[in-house]
Amino acid sequence: MSGRTDRVTTGPTRAAWGIRPAWALAARTAPGTLTVYVVVMLAGGALPVLAAWLTKLILDGLVGGGPLGGLGGLGWLALGLAGAGALAAVTPQLTTYLRAELDRAVGLVAQDRLFAAVDDFAGLGRFEDPGFLDRLRLAQQAAGGTPGQIVDGVLGGVRSAITVVGFLGSLYVLSPLLTLVVLGAGVPVLVAEIALSRRRARMFWNVGGIERREFFYSDLLSSAEAAKEIRLFGTGGYLRGRMIAERREANAAKRAVDRRESWIQSGLGLLAALVAGGGLLWAVAAARAGRLSVGDLTVLVAGVAGVQGALTALAGEVARAHQALLVFEHYTAVTGAGNDLVTATPPRPLPPLRRGIELRDVWFRYSEEHPWVLRGVDLWIPAGRSVALVGLNGAGKSTLVKLLCRFYDPTRGAVLWDGVDLREFDVTHLRQRIGAVFQDYMRYDLTATDNIGLGDLALREQHDRVRIAAERAGIHDEIAALPQGYDTMLSRIFFSERDREDQTTGTVLSGGQWQRLALARAFLRDQRDLMVLDEPSSGLDAEAEHEIHTSLRRHRRRRTSLLISHRLGAVRDADVIVVLRDGRVVEQADHVTLMATGGEYARLFTLQAAGYQAAATGSEEA
Ligand SMILES: Nc1ncnc2c1ncn2[C@@H]1O[C@H](COP(=O)(O)OP(=O)(O)OP(=O)(O)O)[C@@H](O)[C@H]1O
């Protein structure tokens, strides 16, 4: 997805299509609340007209000219007026409560649906697309309250329309000409508000990227990870300046829209005031001439003010609903986006791996704008064997892993599981067969048990399995020594003030300890068909690295595994070592053969070994 400015230009007619899903969501989620809300809102529209007519009848009765003269009739009218006043007094509170209740109920379901849809994106591409991330941010915003705003806008519009029609009818009885003039002054307000709401929605879309960058800087300035470098390098002021510059740019865009709105709205307000003033002068003159009764005059004054007020409210409601609908489009776009990876229907059953996994002439680039990362890779990972992948930074090793896990599909060529293209299988089934430690593994602000148990939720409650995985990753002793053992929260985030008092709540691990936890998480999935280990020991000390690789060697025996490591000592006993350079396989064989060949692997291995040798003998030149 690219291109920003053409995204939100939808007119009111197309945007109105969003009313149906928003309304259906509210009706399904909270039918009772919605029904009461509808009744209260519609009644709220009729109340001002009813009050004006009751006032007219009372005044005419008092002056004695009206048909309902006599204290008995007047008493009932006064009672009715008092009742209308009481209803008008409680309706706003009731509507506020009902609206909030509707928002809560609908927001919950909308958010659940949104994240269920996001979870269904099987690939990674959308998460790396800035345009899609902006859309997702707006969709999250929409899930919070937009369906409620749409329902509210529609009902508010209908309520205002009822008031407008009621007052217009009343005015028409007294002065058809004045009715037309008042109506004529109201229509431009409606049209202008819709145009303004479109402009505002487009502005929100356009500042999305700016706000994303502002968020990046604010996040950076308050993150524990970045604090060290920012302080040591003294970059805080510089980064803050960039953050403020982004905010200024967003402010400027918002200010331009605000200014335009206030100019247009002031002009329209002035027009409305002129019409109201003119109408009032005419009505007073007509009353003095005896063409209107005092009661008529009251209805006229209330009618002109009522129509204008309700028309302005109607325009506001339509504009708000229109804007909410435009934002809601992002929600419907994300929830309706579907899976981003094409899968055969029906998918083939995925048998346990028997022969091996093959990359056949795989070409890959992240998008058409990006250069090729893999350029015709042919690779065979035999079942039950360990394969190691080595190469310089940027050679494409992690990218190859992403294709194996099917986070992306090859741009050309195929990845085959026992000869069958991965695209033939259900991606969820495929991933159930893979265990992995990624180079950029996760650190969850959760307990130690959760940090390991998230590797296989079915085993999370099996404490023995969790402990064995931790032992194999060499982290069990450290976890057991924590204040609450495996239940210790591995986080500096305090979840409540009470937690703040409890010094044992947050425990901070070292980088190597986190890495071992990530390994333990992968070991919990060790019964899977393929184990991928992308730099599993990069942050470990020499002793821990030795232990881990001994453990991995034991683990990898007779299992299918792919190990990526820059520490060539760790890969030397793999069954096959594959060297990747510039997206191509340039060598593959076992350690002894590759060393004998004297190619890229031998060069890198000798270079590393020489470094260690030099360190051991203390020689600078070795
Ligand atoms: N999400 C992405 N979008 C665009 N380009 C990417 C993305 N991820 C990686 N690349 C590019 O793909 C190339 C290969 O990256 P990759 O991470 O696969 O290399 P690597 O061999 O694992 O490197 P390293 O040894 O540094 O981990 C790099 O040029 C990188 O810039």
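Please read all numbers here as calculations on a predicted model, not as lab measurements. (Residues numbered from 1 in each chain as written. Predicted model: local features only at pLDDT ≥ 70, side-chain atom pairs only at ≥ 80, totals over all residues. Heavy atoms only, no water.)

**Regarding the sheet that holds strand 9 (residues 576-581)**
Taken in spatial order, the 6 strands line up as 6-7-8-3-9-10 in an open sheet, and their pairing is mixed. Edge positions in the sheet fall to strand 6 (434-437) and strand 10 (584-589), since each has one partner strand and no second. Neighbouring strand axes in the sheet, compared pairwise and without regard to direction, differ in orientation by 15° on average. Of the pairings in the sheet, the one linking strand 3 (residues 386-390) to strand 8 (residues 560-564) comprises 4 bridges and is parallel in character. Its bridge partner being in strand 8, leucine 389 is matched across the sheet by isoleucine 564. Relative to strand 8, helix 11 (residues 397-404) is tilted by about 150°, and along the sheet it contacts strand 3, strand 6, strand 7 (530-534), strand 8 and strand 9. Running at roughly 175° to strand 6, helix 17 (residues 511-523) makes contact with strand 6 and strand 7 of the sheet. (Pairing = 2+ DSSP bridges. Helix = DSSP H or I, 4+ residues; strand = E, 2+ residues; numbered from the N terminus. Axes fitted to C-alpha atoms, helices over the stretch in contact; angles between N-to-C directions. Contact = heavy atoms within 4.5 Å.)

**What about the site of the ligand?**
Around the ligand sit 15 residues in total, of which Gly394, Lys397, Ser398, Thr399 and His566 are the nearest. At 2.9 Å, a side-chain N or O of histidine 566 approaches an oxygen atom of the ligand. When the ligand is considered free in solution it has 640 Å² of accessible area, and contact with the protein chains removes 68% of it. Partitioning the shell around the ligand into residue classes produces 4 nonpolar, 8 polar and 3 charged. (Near = heavy atom within 4 Å. Polar contact = N/O pair within 3.5 Å; in protein donor to acceptor, adjacent residues only side chain to side chain. Areas by Shrake-Rupley, 256 points an atom, 1.4 Å probe, with all protein chains shown as cover. Nonpolar A, V, L, I, M, F, W, Y, C, P; charged D, E, K, R; others polar.)

**Some details on the environment of isoleucine 381**
Here isoleucine 381 shows up in strand 2 (residues 374-382). Taking relative accessible area as the criterion, isoleucine 381 reaches 0% and is therefore assigned buried. For isoleucine 381, the contacting residues outside a window of four places in its chain are Gly356, Ile357, Val387, Leu404, Thr560, Ser561 and Leu562. (Buried < 20%, exposed > 50% of the residue type's maximum accessible area, 1.4 Å probe, protein only.)

**Some thoughts on the domain arrangement of the protein**
The domains assigned to the protein are domain 1 (12-335), domain 2 (356-433 + 528-617) and domain 3 (444-509). Taking the mean C-alpha position of each, domain 1 and domain 2 sit 58 Å from one another. Across the contact, 5 residues belong to domain 1 and 7 residues belong to domain 2. Across the interface of domain 1 and domain 2, roughly 400 Å² is buried in total on both sides, 54% from carbon and sulfur atoms. Linking domain 1 with domain 2 are 0 salt bridges, by the criterion used here. (Domains from an automatic or database assignment. Buried area = accessible area lost by both parts, 1.4 Å probe. Salt bridge = Lys/Arg side-chain N within 4 Å of Asp/Glu carboxyl O.)

**Examining the nonpolar core**
Within the largest apolar cluster, 42 residues are counted, with the highest numbers of intra-cluster contacts made by Ile452, Ile479, Leu517, Val571, Ile577 and Tyr601. Here this core takes 7 residues from helix 17, the largest share from any one element. Composition of this core by domain shows at least three residues from each of domain 2 (356-433 + 528-617) and domain 3 (444-509). Dropping the residues within four chain positions of it, isoleucine 479 is found in contact with Ala448, Ile452, Ala470, Gly485, Tyr486 and Leu517. The next biggest cluster of nonpolar side chains, apart from the first, holds 35 residues, and it includes Phe364, Val373, Leu400 and Val415. (Core = buried A, V, L, I, M, F, W, Y, C linked by side-chain atoms within 4.5 Å.)

**Some thoughts on the sheet that holds strand 5 (residues 420-421)**
In space, the 4 strands of this open sheet follow the order 2-1-4-5, with antiparallel pairing throughout. Lying at the two open borders of the sheet, with one neighbouring strand each, are strand 2 and strand 5. Taken together, the 7 bridges between strand 1 (residues 356-364) and strand 2 define a ladder with antiparallel strand orientation. When the bridges of strand 2 are listed, isoleucine 357 appears paired with isoleucine 381.

**Considering the side chain of glutamate 261**
In this structure, glutamate 261 sits in helix 9 (residues 236-288). Of the residues examined, glutamate 261 reaches a relative accessible area of 15% and is grouped as buried. Among the polar contacts made by the side chain of glutamate 261, one reaches the side chain of arginine 200 at a distance of 2.9 Å. Among all residues touching glutamate 261, those that are not within four sequence positions of it are Leu196 and Arg200.

**Structural notes on the pattern of salt bridges**
Applying the stated rule across the entire model yields 23 salt bridges. Note that arginine 137 and glutamate 211 form a salt bridge whose closest N and O atoms lie 3.7 Å from each other. Of this pair, arginine 137 sits in helix 5 (residues 130-174) while glutamate 211 sits in helix 7 (residues 208-221), and the two are 74 residues apart along the sequence. For arginine 137, a relative accessible area of 27% gives the class partly exposed. According to the relative accessible area criterion, glutamate 211 is partly exposed, its value standing at 22%. One salt bridge in this structure joins arginine 213 and glutamate 246, with 3.1 Å as the shortest N-O distance. Within this pair, whereas arginine 213 is found in helix 7, its partner glutamate 246 is found in helix 9, the two being separated by 33 residues in sequence. Judged by relative accessible area, arginine 213 falls into the partly exposed class, the value being 38%.

**Re the pairing of strand 10**
With 5 bridges connecting them, strand 9 and strand 10 associate as antiparallel partners. Residue pairing for strand 10: arginine 581 is matched across the bridge by arginine 584. Hairpin geometry of strand 9 and strand 10 is characterised by an intervening segment of 2 residues between the two adjacent antiparallel strands and by a positive phi of about 50° at aspartate 582.

**Quick notes on helix 3 (residues 31-63)**
Since the α-helix packs 3.6 residues into each turn, any two residues three or four apart lie on the same face. In this model helix 3 runs 48 Å from its N-terminal to its C-terminal C-alpha over 33 residues, within 8% of the 48 Å that 1.5 Å per residue would give. At alanine 46, helix 3 shows its largest bend, some 30°, and a proline, proline 48, comes one to four positions later. (Expected span 1.5 Å × (residues − 1). Bend = angle between axes of the 7 residues up to and from the residue.)

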